[in-house]
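Overview (structure and organization)
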Amino acid sequence: RNQTVMCRSLRFFLNIEEKMARDKQQLEDEEWDDANQVNFHQHSKKTKAKTRVTRKQIKNRMRAQKKREDADQWDSNNIDEDAGVEASKKLYPAIEMLRDPQGLAEAVFKKLRSTSSSSKYETKLLMMNFVTRLVG
């Protein structure tokens, strides 16, 4: 009945959430690299003021990098503890662990056909993708 629960469960079975998280992390890394570039004023006249600004930028960049590495180290400790869970996800995808995939595919397809205008377009696409993954 609830569209958000259905979308979440379909994403879980299709293993889309991990890909979305990976893409989000990659985007954050790119933003980090772009935002923390130091302007060395390489093609301009060298003055004491520009030198002070450059030193300050380098100092702030190093401080931010250290803070980020500490946060990454804290996150990596949690990932190391869950290495068994990650390995099991790779070995046993959730869609392969279903007890009656044919029955579930029929039920989802029936729901897809019956909800013509009440479901969101995204939900319909996820349902179609799920059914095709189960059948094929």
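Keep in mind it's a predicted model, so treat the numbers as computed, not measured.

With that out of the way, let us pick up the overall build of the protein. The number of helices and strands found in the protein is 6 helices and 0 strands. Secondary structure elements in the protein, listed N-terminal to C-terminal, are α-α-α-α-α-α. For the protein, the proportion of its 136 residues judged to be buried stands at 15%. Here the analysis covers contacts within the protein between residues at least 6 apart in sequence; of these, 63% occur between residues at least 24 apart. As displayed, the protein has an accessible area near 11300 Å², and 54% of this comes from carbon and sulfur atoms.

For the rest of this paragraph, the subject is the packing of aromatic side chains. Across all of its chains, the model carries 2 aromatic pairs by this definition. Here the aromatic rings of Phe 12 and Phe 13 are separated by 5.4 Å at their centres, their planes lie at 70°, and the arrangement is edge-to-face. Among the residues examined, Phe 12 registers a relative accessible area of 49% and is labelled partly exposed. By relative accessible area, Phe 13 is classed as partly exposed at 22%. Measuring from ring centre to ring centre gives 5.6 Å for Phe 13 and Phe 130, while their planes differ by 45°; the resulting arrangement is tilted. Placement of the pair is Phe 13 in helix H1 (residues 3–14) and Phe 130 in helix H6 (residues 121–135), with a sequence separation of 117 residues. Each member of the aromatic cluster is reached from another via a ring pair, and the members are Phe 12, Phe 13 and Phe 130.

Here H1 crosses H6 at 35°, and the two axes come no closer than 10 Å. Both H1 and H6 take part in a crossing whose hand is left-handed. Residue-level contacts link Gln 3, Met 6, Cys 7, Leu 10, Arg 11, Phe 13 and Leu 14 of H1 to Glu 122, Thr 123, Leu 126, Met 127, Asn 129, Phe 130 and Arg 133 of H6. Class assignment for the residues of the contact of H1 with H6 results in 8 nonpolar, 3 polar and 3 charged.

The next point concerns the confidence of the model for the protein. Averaged over all residues, the pLDDT of the protein is 79; the fraction at 70 or higher stands at 82%. Looking across the protein, the model is least confident in helix H4 (residues 83–91), with a mean pLDDT of 58, and most confident in helix H5 (residues 101–114), with 90.

Cut-off values and rules
Residues numbered from 1 in each chain as written. Predicted model: local features only at pLDDT ≥ 70, side-chain atom pairs only at ≥ 80, totals over all residues. Heavy atoms only, no water. Helix = DSSP H or I, 4+ residues; strand = E, 2+ residues; numbered from the N terminus. Buried < 20%, exposed > 50% of the residue type's maximum accessible area, 1.4 Å probe, protein only. Contact = heavy atoms within 4.5 Å. Areas by Shrake-Rupley, 256 points an atom, 1.4 Å probe, with all protein chains shown as cover. Phe/Tyr/Trp six-rings, centres within 6.5 Å; stacked < 30°, edge-to-face > 60°. Axes fitted to C-alpha atoms, helices over the stretch in contact; angles between N-to-C directions. Left-handed = near helix turned anticlockwise from the far one by under 90°. Nonpolar A, V, L, I, M, F, W, Y, C, P; charged D, E, K, R; others polar. pLDDT = per-residue confidence, 0-100.

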